[in-house]
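A closer look at the structure
Residue strings, one per chain:
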Amino acid sequence: MRVNWNFTKMVLLLGVVVFLYAFASLRNTTRIVSQPNIKFIGENNLFINNQTVSKLLIQNQQGVKNVLKEALDLNALEQALKSNPMIKSAEVYVSVNGALKADIEQKTPIARVNTNASYYIDDEGAFMPLSVNYSARVPLITGYVEKNNLKNVYQVAKKIKCDAFLKKHVIEIYQSNENEIFLKLRRCNFVVKLGTIAFLDKKINNLKVFYKKNLKEDTLNNYSKVNLQFDNQVVCTKT
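Residues numbered from 1 in each chain as written. Predicted model: local features only at pLDDT ≥ 70, side-chain atom pairs only at ≥ 80, totals over all residues. Heavy atoms only, no water.

1. Digging into the sheet that holds strand S4 (residues 87-94)
Reading across from one edge, S2-S5-S4 is the order of the three strands in this open sheet, with mixed pairing throughout. Each edge of the open sheet carries a strand with a single partner, namely strand S2 (37-41) and S4. Strand-to-strand, the axes of this sheet are offset by a mean angle of 20°, without reference to chain direction. Bridge count for S4 against strand S5 (residues 100-106) is seven bridges, and the pairing is antiparallel. (Pairing = 2+ DSSP bridges. Helix = DSSP H or I, 4+ residues; strand = E, 2+ residues; numbered from the N terminus. Axes fitted to C-alpha atoms, helices over the stretch in contact; angles between N-to-C directions.)

Take a look at the structure:
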């Protein structure tokens, strides 16, 4: 009886592959996880630091250093990080060499509320607490502002962030108790009344035309109020 050596070799090779795969999988799942490696994505200015992120990971996994890889609940760790009001998104994973890694994206503040409470509004219109690590240079929001009703001031702040002219000149957004919006510009004595946020783009374009014209004529300081709430016109009050 002749032995089929090619078939025997294939069986042996397959057995070796299965053994190596099983051994590697077992070794990988029993690998000890190292100290967390934290990476911040996006802006360099850190509102939340490595120590705070590590503390969140440790509190929610009874210590992540020297823990078996298979014992980690990565989804739970991600949810714990996302629950922090300064973190926009988080991805937690373990590399093949046992390193626990967390990629963190911070929230981006676009305005700072400064009323009876102080906090940021982020670029999605949500609450973001102040940070002891870094203070963002963004327009102030004053007046009558409720944390659960940020829609109007958020729309104006978002417009300022995306518009080069407004970003350069607007330093304060004021909301009255009747939800009317006023702007204060850098190095200008007058107050800009937007009124409601209806037709916001048209109102801003009217402001730009007014500003550039009066800047050229050196008459910006001749006014105490610039009213943009009426359609297709700018009503000015002289000092």
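2. Description of the pattern of salt bridges
Where charged atoms of side chains with opposite charge meet at close range, the side chains can pair. Overall, the coordinates contain seven salt bridges when judged by the stated rule. A salt bridge links Lys208 to Asp163; the nearest nitrogen and oxygen atoms lie 2.6 Å apart. Note that Lys208 is positioned in helix H6 (residues 200-216) and Asp163 in the loop between helix H4 (151-162) and helix H5 (164-169), a separation of 45 residues in sequence. Neither Lys208 nor Asp163 differs from the other in exposure class; each is buried. (Salt bridge = Lys/Arg side-chain N within 4 Å of Asp/Glu carboxyl O. Buried < 20%, exposed > 50% of the residue type's maximum accessible area, 1.4 Å probe, protein only.)

3. A look at the packing of aromatic side chains
Considering all chains together, one arrives at seven aromatic pairs under this definition. Three or more aromatic residues joined by ring pairs make a cluster, and in this case those are Phe47, Tyr120 and Tyr134. Across the ring face of Tyr119, the terminal group of Lys147 is positioned such that the distance to the ring centre comes to 5.2 Å. (Phe/Tyr/Trp six-rings, centres within 6.5 Å; stacked < 30°, edge-to-face > 60°. Lys NZ or Arg CZ within 6 Å of the ring centre and 35° of its normal.)

4. A look at helix H3 (residues 74-82)
Of the positions making up H3, those classed as buried are Leu77, Glu78, Ala80 and Leu81. Looking straight down H3, one finds its buried side chains confined to an arc of 160°; they lie on one side. (Arc of directions from axis to C-beta.)

5. Description of the nonpolar core
Soluble globular proteins tend to pack their nonpolar side chains together in the buried interior. Within the largest apolar cluster, 33 residues are counted, with the highest numbers of intra-cluster contacts made by Ile141, Ile173, Leu183, Phe190, Val192 and Leu194. If sequence neighbours within four positions are ignored, Leu194 has contacts with Val156, Ile181, Leu183, Leu200, Lys203, Ile204, Leu228 and Gln229. Ranked by size, the runner-up nonpolar core spans 20 residues in total, among them Val92, Val94, Ile104 and Met128. (Core = buried A, V, L, I, M, F, W, Y, C linked by side-chain atoms within 4.5 Å. Contact = heavy atoms within 4.5 Å.)

6. Focus: H6
Spanning 17 residues, H6 covers 24 Å between terminal C-alpha atoms, matching the ideal 24 Å at 1.5 Å per step. Contacts made by the buried residues of H6 are with H4, H5, strand S11 (181-185), strand S12 (191-195), strand S13 (223-227) and strand S14 (235-238). Asp218 occupies a position one or two residues after H6 and carries a positive phi of about 60°. (Expected span 1.5 Å × (residues − 1).)

7. Side note on the sheet that holds S13
Reading across from one edge, S8-S7-S6-S9-S10-S11-S12-S13-S14 is the order of the nine strands in this open sheet, with mixed pairing throughout. Both edges of this open sheet fall to strand S8 (127-128) and S14, since each of them pairs with a single strand only. When strand S6 (residues 109-114) meets strand S9 (residues 140-143), the two strands line up parallel, connected through two bridges. Along S9, the bridge assignment pairs Arg112 with Leu140.

8. Observations regarding a positive patch on the surface
A cluster of basic side chains, namely Arg137, Lys168, Arg186 and Arg187, defines a positive patch on the protein surface. For Arg186, the position within the fold is in the loop between S11 and S12. (Patch = residues over 30% accessible without salt bridge, like charges linked within 9 Å, V, L, I, M, F, W, Y side chains within 5 Å. Areas by Shrake-Rupley, 256 points an atom, 1.4 Å probe, with all protein chains shown as cover. Lys, Arg positive; Asp, Glu negative; His and termini not counted. Charge placed at Lys NZ, Arg CZ, Asp CG, Glu CD.)

9. Describing the confidence of the model for the protein chain
Here the protein chain averages 83 in pLDDT, and 79% of its residues register 70 or above. Low confidence marks residues 22-30, where pLDDT is under 50. Its contacts with residues over four positions away, or in another chain, come to six contacts. (pLDDT = per-residue confidence, 0-100.)

10. Remarks on the packing of H4 against H6
A pair of packed helices is captured by two measures, namely the crossing angle of their axes and the spacing between those axes. Look at H4 against H6: their axes get within 12 Å of each other, and the N-to-C directions meet at 50°. Considering their axes alone, H4 and H6 lie oblique with respect to each other. In the packing of H4 onto H6, the handedness of the crossing is right-handed. When H4 is examined against H6, the residues Gln155, Val156 and Lys159 are found in contact with a partner set consisting of Leu200, Asp201 and Ile204. Along the lines of polarity and charge, the residues of the contact of H4 with H6 split into three nonpolar, one polar and two charged. (Parallel < 35°, antiparallel > 145°, perpendicular 65-115°, else oblique. Left-handed = near helix turned anticlockwise from the far one by under 90°. Nonpolar A, V, L, I, M, F, W, Y, C, P; charged D, E, K, R; others polar.)

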